[in-house]
Amino acid sequence: MKKIEKANLSALFAAITEEASLLLPVKNGGMTNFALWSEDAEVDLDTLKTVKSAKDAFFPQSETLYHVRREEGKMQITPGERMDEDFVLFGVRACDVQGFAVLDKVFLSDPVDSFYKARREHGTVVAMACHAPEESCFCHTFGIDSAEPGADVDTWMVGDDLYWKANTEKGAALTIRLSDLLSDVDEKAVEDEKANIRGIMEKLPYASLTTEGWGADAQKEKFDSPLWEELYKPCLACGTCTFVCPTCQCYDIKDYNAGEGVQRYRCWDSCMYSDFTMMAHGNNRTSQMQRYRQRFMHKLVYYPANYDGMFSCVGCGRCVDKCPTGLNIVKVIKAFAKKEDK
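If you're wondering where the values come from, they're calculated on a predicted model, not measured in any experiment.

## Focus: the sheet that holds strand β12 (residues 262-268)
Then comes step 1: In spatial order, the strands read β5-β4-β12-β11; together these four strands make up an open sheet with antiparallel pairing. Taken across any chain shown, the strands that pair with only one partner, and hence form the sheet edges, are β5 (74-79) and β11 (251-257). Neighbouring strand axes in the sheet, compared pairwise and without regard to direction, differ in orientation by 20 degrees on average.
Then comes step 2: Relative to β12, β11 runs antiparallel, the two sharing seven bridges. Pairing of Tyr251 across the sheet is with Trp268, part of β12.

Right, dumping it as structure tokens:
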């Protein structure tokens, strides 16, 4: 176990950037999101949840796949650049760390997504335990420990010190590189901090929320439930829930006329949109109820059916905080639990 004084974090960040890019929570325009560190950046490690999740570092909101140009009567295809430089993602919370595991199941399974794989190979994740979990948090529902994120490096902010523990080879390598700034320390202060965090989680509004009744075996029962017709009606189809979610992995592929040729890129998409998966013959989900149902069935039934019981939700609470009409996954789980208790 290592530690560094909070007052010396700027020196730590500068040392990291000597050999790698550094992404961390930065406040800009009143909102905190992950961005590149610079000496004049307003680093914000106190905000528990960034507006967008940290998945942007590995699965960007948009990225170029290739360019097509006509040169001397022939078509020339230039592949988009894959990540080839190391970077450190600092200040990630436990829910977002688990979000990476959910994305890994999709993008690192055959056929492997080479763009995503390159970023995962070059990225080192330094996570921060959640000193003060918020009322909208429910990561424990999915077996996540907000006191011990399980990243390449785990950190805890206790008083005026940041405690540091490497968990993987990547984490150990980074720790060695920063050894001049880190000092050895025992783990008692961290153990007390973990106990405090877990104690807070036990008192939050969603402490008793469970996934009982969901999973791979619930497909027909949940799909056919008349509850969806009641739940979906306030939905605005705005897609906010999907864009702030750490685990949503849907994307669209588009062509853009760049003047000197065509650029093909991919960008995040949302199952809540009426043109999602639109094909020549139309759309296979023609109503907002069907689209609303698809989102939560995927999180709680289809994904665990395909990936060994793992749920595609990490309980970060972003959708709870951001949905303009309160139609979040907690409401769905509670509505079905209430119906089943009758």
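## Observations regarding the side chain of Asp44
Then comes step 1: By secondary structure assignment, the location of Asp44 is in the loop between β3 (31-36) and β4 (62-71).
Then comes step 2: At 2.5 Å, the side chain of Asp44 and the side chain of Thr47 are in polar contact.
Then comes step 3: Apart from residues lying up to four places away in sequence, Asp44 is in contact with Pro25, Val26, Lys27 and Thr32.

## Remarks on the packing of aromatic side chains
Then comes step 1: Inspection of every chain in the model, using the stated rule, returns 18 aromatic pairs.
Then comes step 2: Taking the centre distance of 4.5 Å and the plane angle of 35 degrees together, the rings of Tyr303 and Tyr307 count as tilted.
Then comes step 3: Judged by its relative accessible area of 1%, Tyr303 is buried.

## Observations concerning the environment of Arg120
Then comes step 1: Looking at where Arg120 falls in the secondary structure, it is placed in helix α3 (residues 114-122).
Then comes step 2: For the pair Arg120 and Asp104, spaced 16 residues apart in sequence, the C-alpha separation works out to 8.8 Å.
Then comes step 3: Excluding its chain neighbours within four sequence positions, the residues that come into contact with Arg120 are Phe58, Phe100, Asp104, Val125 and Lys170.

## Let's talk about the pattern of salt bridges
Then comes step 1: As enumerated under the stated definition, the model contains 23 salt bridges in all.
Then comes step 2: Linking Lys3 and Asp161 is a salt bridge whose minimum nitrogen-to-oxygen distance equals 3.4 Å. Of this pair, Lys3 sits in strand β1 (residues 2-5) while Asp161 sits in strand β9 (residues 161-166), and the two are 158 residues apart along the sequence.
Then comes step 3: For Asp161, a relative accessible area of 14% gives the class buried.
Then comes step 4: Residue Asp224 pairs with Lys220 through a salt bridge whose shortest N-O separation is 2.9 Å.
Then comes step 5: Given the relative accessible area of 44%, Asp224 is considered partly exposed.
Then comes step 6: Taking relative accessible area as the criterion, Lys220 reaches 64% and is therefore assigned exposed.

## Focus: the nonpolar core
Then comes step 1: Core analysis: the largest hydrophobic core is formed by 43 residues, its most contacted members being Phe138, Trp214, Trp228, Tyr292 and Ile329.
Then comes step 2: Mapped by element, the contributors of at least two residues to this core are α2 (94-107), α7 (227-231), α9 (288-306), α10 (318-322) and α11 (329-341).
Then comes step 3: No other element matches the seven residues that α9 contributes to this core.
Then comes step 4: Ranked by size, the runner-up nonpolar core spans 23 residues in total, among them Ile16, Leu45, Leu174 and Leu178.

## Here we look at the pairing of β4
Then comes step 1: As paired elements, β4 and β12 share six bridges and run antiparallel to each other. Following the sheet pairing, Tyr66 is matched in β12 by Arg264.
Then comes step 2: By the bridge criterion, six bridges tie β4 to β5 in an arrangement that is antiparallel. Considered in β5, the bridge of His67 is made with Thr78.
Then comes step 3: Taken together, β4 and the strand that follows it, β5, pair antiparallel across an intervening segment of two residues, in which Glu72 is found at a positive phi of about 55 degrees.

## Digging into unusual backbone geometry
Then comes step 1: The peptide bond linking Asp110 to Pro111 adopts the cis configuration, its omega dihedral lying at -5 degrees.
Then comes step 2: Tracing the chain through its elements places Pro111 in the loop between α2 and α3.
Then comes step 3: Even without being glycine, Ala237 reaches a positive phi, approximately 55 degrees.
Then comes step 4: For Ala237, the position within the fold is in the loop between α7 and α8 (240-244).

Definitions and cut-offs
- Residues numbered from 1 in each chain as written.
- Predicted model: local features only at pLDDT ≥ 70, side-chain atom pairs only at ≥ 80, totals over all residues.
- Heavy atoms only, no water.
- Pairing = 2+ DSSP bridges.
- Helix = DSSP H or I, 4+ residues; strand = E, 2+ residues; numbered from the N terminus.
- Axes fitted to C-alpha atoms, helices over the stretch in contact; angles between N-to-C directions.
- Polar contact = N/O pair within 3.5 Å; in protein donor to acceptor, adjacent residues only side chain to side chain.
- Contact = heavy atoms within 4.5 Å.
- Phe/Tyr/Trp six-rings, centres within 6.5 Å; stacked < 30°, edge-to-face > 60°.
- Buried < 20%, exposed > 50% of the residue type's maximum accessible area, 1.4 Å probe, protein only.
- Salt bridge = Lys/Arg side-chain N within 4 Å of Asp/Glu carboxyl O.
- Core = buried A, V, L, I, M, F, W, Y, C linked by side-chain atoms within 4.5 Å.

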